[in-house]
Amino acid sequence: MKKEKDEFFKIFGAKFEANSRWSNKSPVPELGNADSCRQDVDAFYSFWYEFDSWREYSYLDEEDKEKAGDKWERREIDKINKAQRKERKADEVKRIRKLVDNAYNSDPRIIKFRDEEKQEKAAKKKAKADQVKAKRDEEERIRKEAEEAERKEKELKEEAERAKNEILKKEKEAQKKAIKNERKKLRNLAKENNMFAANEDENLLHLTEVEKMCEIYTVEQLQELIQTLSKASDSREAFLNEMKKLNNKMD
């Protein structure tokens with residue numbers, strides 16, 4: 001690889017040096033070496049791609065207008081010479097351009113610069129892709145955290161709701177059990193006192209009233225009624241008062 005580089009600078013260096021003597025501009029930049037910086041290499045090729053030669057090729061004129069017989073012939077000879085010079089000038093431009101193209105396309109520094117550019121572009125592309133991925137990952141992380149927080153909040157609410165429902169259920173069961181017990185107490189108390197009745201007809205009526213009280217009264221009302229009936233000196237009279245009070249409210 002080093003040998004190929006040395007050959008490049010040796011061969012093309014001599015070629016450019018040989019052509020530099022035709023330049024209208026000076027100083028003419030040198031080809032340089034393998035360690036030349038990008039700025040110097042670019043300046044070198046810019047100069048040669050815009051190479052300005054002072055050669056006008058009049059010394060190669062095939063016809064000498066001074067030997068012409070008259071001014072018309074001299075004019076014709078001058079026209080021919082100018083056309084030939086222009087053609088030779090164009091050929092030189094093509095030759096120089098071909099030399100510069102060949103050098104540029106095989107210059108190991110240009111190859112190195114292109115590789116560096118590719119690596120730089122690849123690195124930038126990767127950095128951009130990594131940035132996009134990092135942003136996407138961060139958005140995904142935030143989304144998942146939000147979802148997890150929402151899930152936990154939902155679980156806490158559901159747990160609180162379950163606990164609340166469980167308490168309400170137990171309260172209802174306790175209330176149901178309590179009212180069942182108080183109703184049983186009232187029924188037993190009424191049975192023990194012959195339904196607080198003076199005769200059979202009244203017995204049946206009072207049975208209906210006891211059931212009505214069991215159906216309508218709350219636990220507290222049943223407890224209060226049982227306590228009143230149990231402590232009353234005349235439980236029948238107390239029951240009749242309660243029955244009257246209930247029916248008045250219902251009316």
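Per chain, the residues get numbers from 1 upward, laid out in the order the sequence is written. pLDDT decides what is reported in this predicted model: residues at 70 or higher carry local features, side-chain atom pairs at 80 or more are listed and counted, and totals for whole chains, interfaces and linings draw on all residues regardless. Where side-chain values are given, they derive from all heavy atoms of the structure, hydrogens and water being excluded.

Glancing now at the overall build of the protein chain. Each helix and strand counted, the protein chain has seven helices and zero strands in total. Put simply, DSSP H or I for four residues or longer makes a helix, DSSP E for two residues or longer makes a strand, and each gets a number counted from the N terminus. Counting from the amino terminus, the protein chain carries its helices and strands in the arrangement α-α-α-α-α-α-α. Here the globule rule is a power law, 2.2 Å times the number of residues to the power 0.38, and the radius of gyration is based on C-alpha atoms. Taking 18 Å as the expected radius of gyration for a compact globule of 251 residues, we find that the protein chain reaches 59 Å, considerably beyond that expectation. Dimensions along the principal axes, computed over C-alpha positions, put the protein chain at roughly 175 × 50 × 25 Å. Throughout this description, buried means an accessible area under 20% of the type-specific maximum (1.4 Å probe, protein chains only), exposed means over 50%, and partly exposed covers the range between. When burial is assessed residue by residue, the protein chain has 24% of its 251 residues classed as buried.

The next thing to look at is helix 5 (residues 200-216). For helix 5, built from 17 residues, the straight-helix expectation of 24 Å at 1.5 Å per residue is met to within 8% by its first-to-last C-alpha distance of 24 Å. Within the span of helix 5, buried status applies to E202, N203, H206, E209, V210, M213 and C214. Projected down its long axis, helix 5 carries its buried residues within an arc of 140°, all on one side. Opposite the buried face of helix 5, at more than 90 degrees from it, the exposed residues are E200, D201, L204 and E215. The contact rule is simple, with two residues in contact once any of their heavy atoms fall within 4.5 Å. As for helix 5, its buried residues are in contact with helix 4 (108-192), helix 6 (219-231) and helix 7 (235-250). Pairing of N or O atoms within 3.5 Å defines a polar contact, subject to two protein rules: one partner must be a possible hydrogen donor and the other a possible acceptor, and residues neighboring in sequence count only if both atoms are side-chain atoms. Sitting at the head of helix 5, N199 places a side-chain oxygen 3.2 Å from the backbone nitrogen of D201. Under the convention used throughout, the expected extent of a helix is 1.5 Å for every residue step, that is, one less than its residue count. Starting at the helix axis, one direction is taken to each C-beta atom, and the arc is that of these directions.

Turning to the packing of aromatic side chains, a few remarks are in order. Two measures describe an aromatic ring pair: the distance that separates the ring centres and the angle between the ring planes. Aromatic rings from Phe, Tyr and Trp, with only the six-membered ring used for Trp, were paired whenever their centres fell within 6.5 Å, and each pair was classed as stacked if the ring planes differed by under 30 degrees, edge-to-face if by over 60, and tilted otherwise. For the coordinates displayed, the defined rule picks out 13 aromatic pairs. Residues F8 and F12 carry aromatic rings whose centres are separated by 5.0 Å and whose planes lie at 40° to one another, so their mutual orientation is tilted. Placement of both F8 and F12 in helix 1 (residues 2-19) is noted, with a separation of four residues, approximately one turn of the helix. Of the residues examined, F8 reaches a relative accessible area of 5% and is grouped as buried. Lying over the aromatic face of W22, R55 brings its terminal NZ or CZ to 3.9 Å of the ring centre. We call a charge positioned over a ring when the NZ of a Lys or the CZ of an Arg lies within 6 Å of the ring centre and within 35 degrees of the ring normal.

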